Amino acid sequence: MNQSTNAPKFIPFARPSIGREEEQAVLQVLRSGWLTTAGQAQAFEQEFAELTGAHHALAVNSATAGLHLALEAVGVKAGDKVITTPYTFTATAEVIRYLQADPLFVDIDEASLTIDPRQVADAAANSKVAALLPVHMGGHPSDMESLQKIAQENSIALVEDSAHALPVRYGDSFLGCIGDVGVFSFYATKTITTGEGGMVTTSNSEIAERIKVMRLHGIDREVWKRYTDSSTSWKYDVVAAGYKYNLPDVAAAIGRVQLKRAHEFLERRRSIAKRYLEAWAAYDFLQLPSAPEQHAWHLFILRIRPEKLTIDRDKYIELLQSKGIGTSVHYIPLHIMSYYAKRYSFSPEDFPVSMRVYRTAFSVPIYPDLSDVEVERIIEAVISIGTQYYRRSKSGK
Ligand SMILES: Cc1ncc(COP(=O)(O)O)c(C=O)c1O
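On a predicted model such as this, the values are computed, not experimentally measured, just so you know. (Residues numbered from 1 in each chain as written. Predicted model: local features only at pLDDT ≥ 70, side-chain atom pairs only at ≥ 80, totals over all residues. Heavy atoms only, no water.)

Undergrad: Sorry, what's going on with the site of the ligand here?
TA: The immediate surroundings of the ligand are formed by 17 residues, with Thr64, Asp161, His164, Ser185 and Lys190 found nearest. A distance of 3.1 Å is found between an oxygen atom of the ligand and a side-chain nitrogen or oxygen belonging to Tyr331. Surface burial for the ligand is 93%, taken as the share of its 390 Å² of free accessible area covered by protein chains. If you list the elements that add at least two residues to the shell around the ligand, you get α3 (63-73) and α4 (90-98). Per element, the largest residue contribution to the shell around the ligand is three residues, and it comes from α3. Tallied by class, residues from the shell around the ligand come to eight nonpolar, seven polar and two charged. (Near = heavy atom within 4 Å. Polar contact = N/O pair within 3.5 Å; in protein donor to acceptor, adjacent residues only side chain to side chain. Areas by Shrake-Rupley, 256 points an atom, 1.4 Å probe, with all protein chains shown as cover. Helix = DSSP H or I, 4+ residues; strand = E, 2+ residues; numbered from the N terminus. Nonpolar A, V, L, I, M, F, W, Y, C, P; charged D, E, K, R; others polar.)

Spelled out as structure tokens, the structure:
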């Protein structure tokens, strides 16, 4: 908060890039007289498929909904296990519980912050495992070659939590279009936004059909036509107790504009990441994130080296806040959340890498609308705090 009119403006942790074109697109839908899912959502799906090369792109009202549909469509059922990581947002694991299956948590690799394939290989030997759900953390690709191999060898489905990962090429494909199903998020802070929203991608037509039916009440008009020969528009059959997960046209219209800007957004995120990496490389109290060429840079997860500082991560965040810089923490691991801790009797050190990262990490602002001046203010604030609270050795060196 600004203490006086001279204090620099607060830099929020996240800020969506919404312009005139998005405003116009929404107005057009509002004036069209059709507010729910129709032509805009369909066009959004088609354009998303074109951009990513996905065979099927299905718009939904959140990535959480998309993950639920994805796991249901690949056949996860009560009593099954789904391998994922505790170092993620709760949506990744809660959808497993929606289906009365259980998450089989596997720790992350400390460099990439994505699921550790060596530990996945061990976990996949469990005969109850039905699916593998890696998270491309902050836009950093999971080790998809290894994970694909494990999934194939063990005949388990591979669903990518790509909530953070649009639009990133990975080999010949896009992240989110490698496994059996991929799920993207358009939540307000994500790499493109529709306010709330998501997209499910798959190259498997059966999975796509199931998701189409289940995202809208289990309604299947085709089944009705098949059995009655009636193409009357009001007639339909209900083939399952489906959900209400469709994306309204107002949101889809925003998404279509944002999608056109996705590569421009990525370029700006990349250039901010590059500047942070250069500027902080010389400071040994900081640990910089792994920065492969293919990275969506939804998050810039910075870590402190506690042994080099006299303050902890919480204090660092507090001091940044007092300098007008918003941050966030990704993530409080799920195994220490009371629901998961109680249900599966976890103790914090069951996943030591996730805990070590959690205790030392904070995410700094990285979004297209961040100005160069703001980027420099963030860089300077991080450096000045670390320098001020640097732990000098006893000899004074
Ligand atoms: C890793 C991850 N998966 C899934 C989700 C769920 O996305 P949504 O808010 O679109 O449901 C999020 C949201 O923040 C996320 O960070």
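Undergrad: Would you mind showing me how to read the domain arrangement of the protein chain here?
TA: According to the domain assignment, the protein chain consists of domain 1 (20-260) and domain 2 (262-388). Using only C-alpha atoms to locate each centre, domain 1 and domain 2 end up separated by 27 Å. Each partner contributes residues to the interface: domain 1 has 41 residues there, and domain 2 has 32 residues. Here domain 1 is connected to domain 2 by three salt bridges. The partner of Arg343 in a salt bridge is Asp102, with the nearest N and O atoms 3.9 Å apart. (Domains from an automatic or database assignment. Contact = heavy atoms within 4.5 Å. Salt bridge = Lys/Arg side-chain N within 4 Å of Asp/Glu carboxyl O.)

Undergrad: Just to check I follow, could you spell out the packing of aromatic side chains for this structure?
TA: Both the distance between ring centres and the angle between the ring planes are used here to describe each pair of aromatic rings. Under the defined criterion, the tally for this structure stands at 19 aromatic pairs. Seen from their ring centres, Trp297 and Phe300 are 5.4 Å apart, and the 20 degrees between their planes marks the pair as stacked. Given the relative accessible area of 5%, Trp297 is considered buried. We classify Phe300 as buried; its relative accessible area is 0%. Aromatic pair Tyr344 and Phe346: ring centres 5.8 Å apart, planes at 35 degrees, arrangement tilted. A network of ring pairs unites the aromatic residues Phe105, Tyr339, Tyr340, Tyr344, Phe346 and Phe351 as a single cluster. (Phe/Tyr/Trp six-rings, centres within 6.5 Å; stacked < 30°, edge-to-face > 60°. Buried < 20%, exposed > 50% of the residue type's maximum accessible area, 1.4 Å probe, protein only.)

Undergrad: Help me understand the sheet that holds strand β1 (residues 56-60) in this model?
TA: Pairing between sheet strands relies on hydrogen bonds along the backbone, with the strands arranged either parallel or antiparallel. In spatial order, the strands read β1-β9-β8-β5-β4-β2-β3; together these seven strands make up an open sheet with mixed pairing. With partners counted over all chains shown, the strands left at the sheet margins are β1 and β3 (102-105), one partner each. The average angle at which neighbouring strand axes cross in this sheet is 25 degrees, direction not considered. Note: strand β8 (residues 181-185) against strand β9 (residues 198-202), five bridges, orientation antiparallel. Residue pairing in the sheet places Phe184 in a bridge with Met199 of β9. Those strands touched by helix α2 (residues 39-52) are β1, β8 and β9, and its axis lies near 135 degrees from that of β1. (Pairing = 2+ DSSP bridges. Axes fitted to C-alpha atoms, helices over the stretch in contact; angles between N-to-C directions.)

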